[in-house]
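# Coordinate inspection notes
Residues per chain are reported as follows:
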Amino acid sequence: IHIVKYRSSVLEDFRNAKNNKKFELKDIVGHFVEFSGDQHGSRFIQQKLESATVAEKQMVFKEIYPRAENLMVDVFGNYVIQKFFEHGTSEQKKLLGDKLQGQVLSLSLQMYGCRVVQKALEVISVEQQAALVRELEGHVLKCIKDQNGNHVIQKVIEQVPSQYIQFIVDTFSGKVYQLATHPYGCRVIQRILEHCSDSQKWYLQQNILQELLHSTMDLVQDQYGNYVIQHVLEHGSARDRAQIIVQLQGRILSLSQHKFASNVIEKCVQHGGYDERQIIIDEILSDSDDGGSAALEIMMKDQYANYVIQKILEVCEPDQRDRIIEKIQPHINSLKKFTYGKHIIARLEKIIGK
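These remarks concern the structure in this document.

Calculation rules
- Residues numbered from 1 in each chain as written.
- Predicted model: local features only at pLDDT ≥ 70, side-chain atom pairs only at ≥ 80, totals over all residues.
- Heavy atoms only, no water.
- Patch = residues over 30% accessible without salt bridge, like charges linked within 9 Å, V, L, I, M, F, W, Y side chains within 5 Å.
- Areas by Shrake-Rupley, 256 points an atom, 1.4 Å probe, with all protein chains shown as cover.
- Salt bridge = Lys/Arg side-chain N within 4 Å of Asp/Glu carboxyl O.
- Lys, Arg positive; Asp, Glu negative; His and termini not counted.
- Charge placed at Lys NZ, Arg CZ, Asp CG, Glu CD.
- Helix = DSSP H or I, 4+ residues; strand = E, 2+ residues; numbered from the N terminus.
- Axes fitted to C-alpha atoms, helices over the stretch in contact; angles between N-to-C directions.
- Parallel < 35°, antiparallel > 145°, perpendicular 65-115°, else oblique.
- Left-handed = near helix turned anticlockwise from the far one by under 90°.
- Contact = heavy atoms within 4.5 Å.
- Nonpolar A, V, L, I, M, F, W, Y, C, P; charged D, E, K, R; others polar.

### Description of a negative patch on the surface
On the surface, Glu317, Asp319, Asp322 and Glu326 cluster together into a negatively charged patch. The topology assignment puts Glu317 in the loop between helix 24 (305–315) and helix 25 (318–328).

### Things to note about the packing of helix 25 against helix 27 (residues 339–352)
Relative to each other, helix 25 and helix 27 sit at 130°, their axes nearing to 12 Å. Taken together, the axis directions place helix 25 and helix 27 in an arrangement best described as oblique. Crossing angle aside, the handedness with which helix 25 passes helix 27 is left-handed. Residues Arg321, Ile325 and Ile328 of helix 25 pack against Ile344, Leu348, Ile351 and Ile352 of helix 27. Broken down by class, the residue content of the contact of helix 25 with helix 27 amounts to six nonpolar, no polar and one charged.

### Re the packing of helix 21 (residues 261–271) against helix 24
Here helix 21 crosses helix 24 at 10°, and the two axes come no closer than 9 Å. Our classification of the angle between helix 21 and helix 24 gives roughly parallel. Residue-level contacts link Ser262, Ile265, Glu266, Val269 and Gln270 of helix 21 to Tyr307, Val308, Lys311, Ile312 and Val315 of helix 24. Of the residues contributing to the contact of helix 21 with helix 24, the split by class is six nonpolar, two polar and two charged.

### What to know about the environment of Tyr177
Tracing the backbone shows Tyr177 in helix 14 (residues 176–180). Taking the C-alpha atoms as reference, Tyr177 lies 16 Å from Gln247; in sequence the two are 70 residues apart. For Tyr177, the contacting residues outside a window of four places in its chain are Glu211, Ser215, Asp218 and Leu219.

Now the structure itself:
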């Protein structure tokens, strides 16, 4: 049942006024909560708060603070609360932060409340952060797997000092593969790999990375897991990168033809060192054992693998690139017949400058 909200004459006047009357915050005293729950009224308050005086902010705050819990989960009201976290006085931010206590979990799982929690975590004191985050202990997995809650966990990892979030990292133990192959879990793992302090880095590399590297072959072929491995290749240590490439060795051709894994092979080429690229190139240029087509020929015509060849041409050292170009040239005429082969020719022409 759709409930039609009763609108006060003040809100009606405001909605009908268009720009005939220049409304100010003082014109809607007594109606701030109502305006916050209205699409146009909420936007008006948000805009005014950005340049409001301390007295004006207090005038609005006094009315909305007792109703803050309701506004936090309201489709339009949540934005007014967020604006106070951005532009409110330090006292107002603290009071709103206190309002979150006891409700962090329920707000984190709610479509609009989760945005308020994220905004709060960006601005409140470390003491308040620590108090609020403790409420998520024991509920981390539930949040990670929730379409709203996962954003809160990501924000916690980004904003809260590591000594207060060890319980989040601990939650991952033994569950890294399960989370890396989850649509939201894969994002959270990427945040952890980015934002943990050095004291935790050792713990992480031993645990989370070891679990990831234990399942590399499965992860690269997973629609979500492949992003996590790509992330390690981009942001991880040279040692992690080398470990991944060693595990993929011998499977370069089949993985390059795979919808998800081909992106990982591209990242191996992009972020690998000279020797690691050499491993990949050698494998691509080796003739097949059964006298069939060499890997290079298959890859150039494949809808996914052709991008790996393009990446090699784009980033490799001149001597490596010349080796590949030399092998491609005899195939140029046959490549013209294939949609994906044309991409290779276009890339070659760019390089050779024809």
